[in-house]
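Fold and geometry: a report
Residues per chain, in single letters:
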Amino acid sequence: MGSLTQQQLENARADFLEYDANDNGRVSVEEFTLVMIQYLSAGSVESLLTLVNRDGDDEISWEEFLAEFYG
Ligand SMILES: [Ca+2]
Ligand SMILES: [Ca+2]
């Protein structure tokens with residue numbers, strides 16, 4: 001994650017915020033699911049969530065997002 005350029009970080013941040021439907025700066029598991037379910041089956045979304053949401057709480061933190069998609 002330390003090897004990302006400033007531009008990559010900005011792109012990642014923009015991607016992250018696209019999941020944040022209620023604009024509170026955090027992406028809940030529900031928000032993430034609502035986006036992903038448009039592209040993946042329910043089972044695939046669930047599998048993806050177990051990978052991304054490493055600590056198993058009810059939101060995808062910025063760190064979790066970066067680690068999974070840009071790590
Ligand atoms: Ca949110
Ligand atoms: Ca989490």
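Rules and cut-offs
- Residues numbered from 1 in each chain as written.
- Chains lettered and ligands numbered in written order.
- Predicted model: local features only at pLDDT ≥ 70, side-chain atom pairs only at ≥ 80, totals over all residues.
- UniProt positions renumbered as here; feature names shortened; annotations may be inferred.
- Helix = DSSP H or I, 4+ residues; strand = E, 2+ residues; numbered from the N terminus.
- Buried ≥ 20, exposed ≤ 12 C-beta atoms within 10 Å, placed from the backbone.
- Axes fitted to C-alpha atoms, helices over the stretch in contact; angles between N-to-C directions.
- Parallel < 35°, antiparallel > 145°, perpendicular 65-115°, else oblique.
- Left-handed = near helix turned anticlockwise from the far one by under 90°.
- Contact = placed C-beta atoms within 7 Å.
- Nonpolar A, V, L, I, M, F, W, Y, C, P; charged D, E, K, R; others polar.

**Side note on the UniProt feature "domain: EF-hand" (unreviewed entry) in the protein chain**
In this numbering, the UniProt entry assigns the feature "domain: EF-hand" (unreviewed entry) to residues 7–42. Segment residues 7–42 splits into 61% helix and 6% strand. End C-alpha atoms: 32 Å apart.

**Examining the environment of Leu66**
Examined against the element boundaries, Leu66 turns out to sit in helix H4 (residues 62–69). Judged by the 18 C-beta atoms lying within 10 Å of it, Leu66 falls in the partly exposed class. Along the primary structure Leu66 and Arg13 are separated by 53 residues, whereas in three dimensions their C-alpha atoms are 8.8 Å apart.

**Topic: the packing of helix H2 (residues 29–36) against helix H3 (residues 42–52)**
Two elements in contact, H2 and H3, have axes separated by 10 Å at closest approach and are oriented at 135°. Here H2 is positioned oblique relative to H3, judged by the angle of their axes. Viewed along their axes, H2 and H3 form a crossing whose handedness is right-handed. Note on element contacts: H3 touches H2 through Val45, Leu48 and Leu49, opposite Val29, Phe32, Thr33 and Met36. For the contact of H2 with H3, the per-class residue count stands at six nonpolar, one polar and no charged.

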